[in-house]
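A closer look at the structure
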Amino acid sequence: MTTIDPHLATAGTTGDRADGALSSLAAWITTSDHKKIGRLYIGASMLLLLAVAVVASLLGIERIDATSDLLDSGAMPQMFSLYRVVLTFGVVAPLGLGLAVAVVPLQLGARSLAFPRLALGGFWAWLVGGILVIISIALNGGPGGGDPEMVDLFLIAHILLVLGLIATAGSVATSVLTTRAPGMNMRRVPLFAWGALIGALGMLLLLPVLVATLVMVAIDHYYGRTTFGGNTGIADWVGFAFTQPATFVYAVPVFGFAAEAVATASRNRLPMRGVALTGIALVGTGLLAGVTQTDAALPRDVLQQSVGDFIQDVLPYLLLEALPLLGPVVLLAVIGLALKPPVRPRISAAFVAGILSAGMVFTGMAGNALYQVGDAQLAGTVFEEGAWLYVSYGLVIAALGALTYWGPKLWGRRIDDKKSLPLVGLAFIATVLAALPYYIAGFAKQPAGATQFDYSGPQNLWNALSAAGHILMLLTVLAFIGLAVSSFRTGDLAGDDPVDGQTLEWATTSPPPADNFAEVFIISSPEPLLDLKPARTAVTEGTA
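A brief report on the enclosed structure follows. (Residues numbered from 1 in each chain as written. Predicted model: local features only at pLDDT ≥ 70, side-chain atom pairs only at ≥ 80, totals over all residues. Heavy atoms only, no water.)

Bringing the overall build of the chain into the picture now. Of regular secondary structure, the chain possesses 17 helices and zero strands. By the compact-globule yardstick of 24 Å for 544 residues, the chain fits well, its C-alpha radius of gyration being 23 Å. For the chain, the exposed area adds up to about 21100 Å²; of that, 67% sits on carbon and sulfur atoms. Positive and negative side-chain charges of the chain, numbering 28 and 35 respectively, have mean locations separated by a distance of 14 Å. (Helix = DSSP H or I, 4+ residues; strand = E, 2+ residues; numbered from the N terminus. Rg over C-alpha atoms; globule rule 2.2 N^0.38 Å. Areas by Shrake-Rupley, 256 points an atom, 1.4 Å probe, with all protein chains shown as cover. Lys, Arg positive; Asp, Glu negative; His and termini not counted. Charge placed at Lys NZ, Arg CZ, Asp CG, Glu CD.)

This is the structure in structure tokens:
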């Protein structure tokens, strides 16, 4: 008997078991338990990740030989749309939100998520909208689709999908702002909860702009197709939400998790914690370009302009494109201080995933800053796709690490670090293989969103490597799901604090009861559990 299953099991008939299964299903469908809502998001996002990895692999294989078609050339616009929409709004944005919904109330010492029914309604709106988006694209809808009715369905379903994410983001942001334990001011908010807050607030500012744009495009497409370019103009008007720097907003939780994992692994308080919080917040400034829908790219020969023109071009670039990049630079510097000798961190899947995921997202952000420089001549190339993949798959790496870190708390059973750590390494290799070749091919002028092209250089090699990266990511995630399901069903019991944590989620049972905590905690520092543990240094701890 566990804390979330207080009823003793009794023998019964087949009908009793069927009734029990239906009752359990109904409890999940209508749950107000944030831990279940978060797991619904995580599970659905991981399944969609498998599907989109298949699509990405097929597109990569199609681009290996640019002189012949393995797939129907007429289906390529829909394939690219499916790839872009599902990975961004079917995986990246909801996966980060799902982790936040499941974990943040526990970190805050709260008994529940703020407005849990709103978060649950957001999940079902996102899921139904996402399914309809996929169906509409498959039936020749979506950007560039040839069936007007399916294009209409795509736009309406996309609005529903985004409204679901907005609802859940509102619930997460409200939780951090209003449900903290006594004594937990904003300077004491756990690092992951802070990242979740910044990401949620960013979505609340960015995604309504996308909804308004989708509404206008949908009305125009249904009635006249005279203002926004009809089906071929959809990507031009809503594409800001599927690319950088808007994607940085969806990936903000990566940096919160990285800081959390490093602090735990070092067994010490994170140095310069206020600076780390500032760094995470700076990543969220990526929303500015999306909200304003401003093209802040630097023109060619910018250094040869007059002083007035130079300032007019450089200032928007620095504010909208370069400022978010300052965030990970600051945070990675703090992480470096936390790990400087003589500290010897405990090596775990979560620690490695935190470092690697932050590095991958940072690489995508740096690539975007370069992409916006006119003299680099990268506009319209696959270089942008490489940056997008670094950000997207970087968050996937973080999710794998987060599940090994908090999974034992949510399910009550351990996941073997010796098995999960190699999978984190494979996910890192898959990310580099999928994204880095497109950085190189971008400089060789391989066009974006195309399967027919010709340029000097080993173009087959770059696209083959990228396809191999997507295939490896597919296999890695599939293996991780199998490991997680097996571990959380039959693995060793985790105990209340299996990671020697510092924040409040480790102060309750594993798995937690429905209302999370048996008592209300009053805290006096950002690391309340560390305050209760014997004084020690990480110098003598060694490597686990």
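From this point on, the discussion continues.
Let us look at the nonpolar core. Across soluble globular proteins, you tend to see nonpolar side chains buried next to one another. With 172 residues, the main nonpolar core has Tyr83, Phe89, Tyr250 and Phe257 as its most contacted residues. For this core, the element with the highest residue contribution is helix α3 (residues 76–108), accounting for 22 residues. (Core = buried A, V, L, I, M, F, W, Y, C linked by side-chain atoms within 4.5 Å. Buried < 20%, exposed > 50% of the residue type's maximum accessible area, 1.4 Å probe, protein only.)

In this structure, Arg346 sits in the loop between α12 (307–339) and α13 (349–371). Here Arg346 sits buried without a salt bridge, and the closest side chain of opposite charge, Asp500, lies 4.6 Å off (N-O distance). Separated by 2.3 Å, the side chain of Arg346 and the backbone oxygen of Val499 make a polar contact. (Salt bridge = Lys/Arg side-chain N within 4 Å of Asp/Glu carboxyl O. Polar contact = N/O pair within 3.5 Å; in protein donor to acceptor, adjacent residues only side chain to side chain.)

This model, assessed by the stated rule, comprises seven salt bridges. A salt bridge links Asp515 to Arg111; the shortest N-O distance between them is 3.8 Å. Here the residue Asp515 occupies a position in the loop between α16 (459–490) and α17 (528–532), and Arg111 occupies one in the loop between α3 and α4 (116–138), the gap between them amounting to 404 residues. For Asp515, a relative accessible area of 38% corresponds to the partly exposed category. The salt bridge involving Glu527 is made with Arg269; its shortest N-O contact spans 2.7 Å. Highlighted residues: Glu527 in the loop between α16 and α17 and Arg269 in the loop between α9 (252–266) and α10 (273–283), separated in sequence by 258 residues. Put simply, Arg269, Arg273, Glu527 and Asp531 are held in one network by salt bridges that share partners.

The linkage connecting Pro341 with the following residue, Pro342, adopts the cis geometry, with an omega of 10 degrees. Relative to the helices and strands, Pro342 is located in the loop between α12 and α13. The omega torsion of the bond from Ser510 to Pro511 falls at -5 degrees, within 30 degrees of zero and hence cis. Of note in the backbone geometry, Arg225 takes a positive phi value of approximately 55 degrees without being a glycine. Examined against the element boundaries, Arg225 turns out to sit in the loop between α6 (191–223) and α7 (234–238). A positive phi angle, close to 75 degrees, is found at Asn516, a residue other than glycine. Topologically, Asn516 is positioned in the loop between α16 and α17. On the accessibility criterion, Asn516 (0% relative accessible area) is buried.

Okay, the layout of surface pockets next. When its volume is computed, the largest pocket comes out at roughly 1200 Å³. Lining of the largest pocket is provided by 43 residues; of these, Ala235, Gly239, Phe240, Thr243 and Glu384 occupy positions nearest its centre. Going through the elements one at a time, α3, α7, α11 (287–292), α13 and α14 (383–411) are the ones with two or more residues in the lining of the largest pocket. Among the elements that take part in the lining of the largest pocket, α3 stands out by supplying six residues, more than any other. (1 Å grid on protein atoms, 1.4 Å probe; cavity = no way out; pocket = protein on both sides within 12 Å on 5 of 7 lines; lining within 4 Å. Points joined across faces, edges and corners; volume = space filled by probe spheres on them.)

You can see Val172 is positioned in helix α5 (residues 148–178). For the pair formed by Val172 and Ala102, sequence separation is 70 residues and the distance between their alpha carbons is 9.9 Å. Excluding residues within four positions of it along the chain, Val172 makes contact with Leu97, Ala100, Val101, Leu113, Ala196 and Ala200. (Contact = heavy atoms within 4.5 Å.)

According to the stated counting rule, one finds 21 aromatic pairs in the structure shown. Here the aromatic rings of Tyr41 and Trp126 are separated by 5.3 Å at their centres, their planes lie at 40 degrees, and the arrangement is tilted. Of the two residues, Tyr41 sits in helix α2 (residues 34–62) while Trp126 sits in helix α4, which places them 85 residues apart along the sequence. Among the residues examined, Trp126 registers a relative accessible area of 1% and is labelled buried. Ring geometry for Phe453 versus Tyr455: centroids 6.0 Å apart, planes at 25 degrees, classification stacked. Both residues of the pair, Phe453 and Tyr455, belong to the buried class. Feature note: the residues Phe192, Phe257, Tyr405, Trp406 and Trp506 constitute an aromatic cluster, connected by ring pairs. The residue whose ring lies beneath Lys36 is Trp28, and the NZ or CZ to ring-centre distance is 5.1 Å. The positively charged end of Arg39 is found above the aromatic ring belonging to Trp411, 5.1 Å away from the centroid. (Phe/Tyr/Trp six-rings, centres within 6.5 Å; stacked < 30°, edge-to-face > 60°. Lys NZ or Arg CZ within 6 Å of the ring centre and 35° of its normal.)

One pass over the structure, following the stated rule, counts three cavities of 30 Å³ or more. In this structure, the largest cavity encloses a volume near 70 Å³. Forming the walls of the largest cavity are Pro190, Leu191, Glu260, Ala263, Thr264, Leu270, Arg273, Gln502, Thr503, Pro526 and Glu527. If one sorts the elements of the lining of the largest cavity by residue count, α9 sits on top with three residues. Partitioning the lining of the largest cavity into residue classes produces five nonpolar, three polar and three charged. (Nonpolar A, V, L, I, M, F, W, Y, C, P; charged D, E, K, R; others polar.)

Looking now at the packing of α2 against α4. Between α2 and α4, the shortest axis-to-axis distance is 10 Å and the interhelical angle comes to 15 degrees. Classed by the angle they form, the pair α2 and α4 counts as roughly parallel. Read as a crossing pair, α2 and α4 show a hand that is left-handed. In this structure, α2 contributes Ile37, Leu40, Tyr41, Ala44, Ser45 and Leu48 to the contact, and α4 contributes Pro116, Ala119, Leu120, Gly122, Phe123, Trp126, Leu127 and Ile134. Taken together, the residues of the contact of α2 with α4 sort by class into 12 nonpolar, two polar and no charged. (Axes fitted to C-alpha atoms, helices over the stretch in contact; angles between N-to-C directions. Parallel < 35°, antiparallel > 145°, perpendicular 65-115°, else oblique. Left-handed = near helix turned anticlockwise from the far one by under 90°.)

For Gly142, the position within the fold is in the loop between α4 and α5. Considered as a pair, Gly142 and Leu71 are 71 residues apart in the sequence and their alpha carbons are 19 Å apart. Apart from the residues lying within four places of it in its own chain, the contact partners of Gly142 are Ser136, Ile137, Met150, Val151, Phe154 and Ile234.

The next thing to look at is a nonpolar patch on the surface. A cluster of nonpolar side chains, namely Leu303, Val307, Phe310, Ile311, Leu315 and Leu318, defines an oily patch on the protein surface of about 600 Å² accessible area. By the element assignment, Leu315 lies in helix α12. (Patch = residues over 30% accessible without salt bridge, like charges linked within 9 Å, V, L, I, M, F, W, Y side chains within 5 Å.)

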